[in-house]
Amino acid sequence: MKVLCLKLGQSKHFVDFLHWVKTGNHTDRKSHTSNKTCNMYLGAVFRYYQFLMMEDILPGLKVIRNRQVTFFDNMGIGHQNTVNSFRGFLKEEERELEEITTQEIQELINGCCNDRDKLLIAIMAESGFRLGEVLGIYYTEDIDYEKKTIKVTYRENNENMARAKNAESRIALLSDTTFDFLVKYIADNRKNLLKTEFLFTKITGKNKGEPLDADSVYGLLRRLQKKTTINSHPHQLRHYFAEERRKEGWDLNDIRFALGHKKIETTIKYLGENNERLIEATDEYYAGNEDLYQVSNFI
């Protein structure tokens, strides 16, 4: 295989490819493609190039950058992981999600056909964890049965591709009722769970016992929509968590940490940019953290 002009003009190739996918040329429909789908295609291309580089077929090709990410465990000990960072992705469109209510979450749980799905929704609503973080929970390591907490643990190569974002570690306290339900679920499914460390597994079909993956969860939510007419998304449950904690008077920084956001601006956006309550909360935050950067010295 010839390198051609990939080394010198690879950026143009990727840009042209993105435009090609964006305009729908990869399908017969020729319809506009979302940035998220474009990124999915480009990610697959990058991984192919990574294989070529590993095989020394295209030496020197710079489409993937390895960077070191530092995170701290609950003992305060620092760890480093190498994370593959893909360059050239498009900025994905913002999700337009309606708020989900406590009653709607209860309807979703009632509509589930098994304890696994009920527990999954309850944990996402009570923890504020991302879907990938919940699917990556090991019942053997990430549950503190005495303190009734669950933990986000960064693992690079989970079988179901679930992992913590930003190589981080966080802990969430579950309600007594949900934690008791969690213990019951583990006890009732001990035979199936003995084959794996994952808390959530597939419970039917030829893949029974394998770790539950994101596609299966989205399929579950689609089925629940037909049953309950509630159009739900995992991110709605994170929004719900943030909104409920704010109503209870949590500090914005506490919510930020619980959600795993690096910047408080992201948390503010989660709670609604046009929300007057948030403007007041932000004002309270700045009132208690006035002149953090000694800007008054320059006035």
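Residues numbered from 1 in each chain as written. Predicted model: local features only at pLDDT ≥ 70, side-chain atom pairs only at ≥ 80, totals over all residues. Heavy atoms only, no water.

Q: For this particular structure, what's the right way to read the pattern of salt bridges?
A: Where charged atoms from two side chains of opposite charge come close, those side chains can pair. By the definition in use, this model includes eight salt bridges. For Asp115, the salt bridge identified is with Lys184, shortest N-O distance 3.3 Å. On the criterion of sequence distance, the pair formed by Asp115 in helix H4 (residues 115-127) and Lys184 in helix H6 (residues 176-188) is long-range, its members being 69 residues apart. Taking the shortest distance from any N to any O, the salt bridge between Glu133 and Arg170 comes out at 3.0 Å. Of this pair, Glu133 sits in helix H5 (residues 131-135) while Arg170 sits in strand S5 (residues 170-173), and the two are 37 residues apart along the sequence. Connected through salt bridges with shared partners, the residues Asp115, Lys184 and Asp188 form a single ionic network. (Salt bridge = Lys/Arg side-chain N within 4 Å of Asp/Glu carboxyl O. Helix = DSSP H or I, 4+ residues; strand = E, 2+ residues; numbered from the N terminus.)

Q: Any chance you could explain the side chain of Asp142 here in plain terms?
A: Structurally, Asp142 can be placed in the loop between H5 and strand S3 (143-144). For Asp142, a relative accessible area of 2% translates into the label buried. Polar side-chain contacts of Asp142 include one of 2.9 Å to the side chain of Thr153. Here Asp142 is in contact with Gly136, Ile137, Thr149, Ile150, Lys151, Thr153 and Arg155, once residues within four sequence places are set aside. (Buried < 20%, exposed > 50% of the residue type's maximum accessible area, 1.4 Å probe, protein only. Polar contact = N/O pair within 3.5 Å; in protein donor to acceptor, adjacent residues only side chain to side chain. Contact = heavy atoms within 4.5 Å.)

Read these as geometric descriptors, not functional statements.
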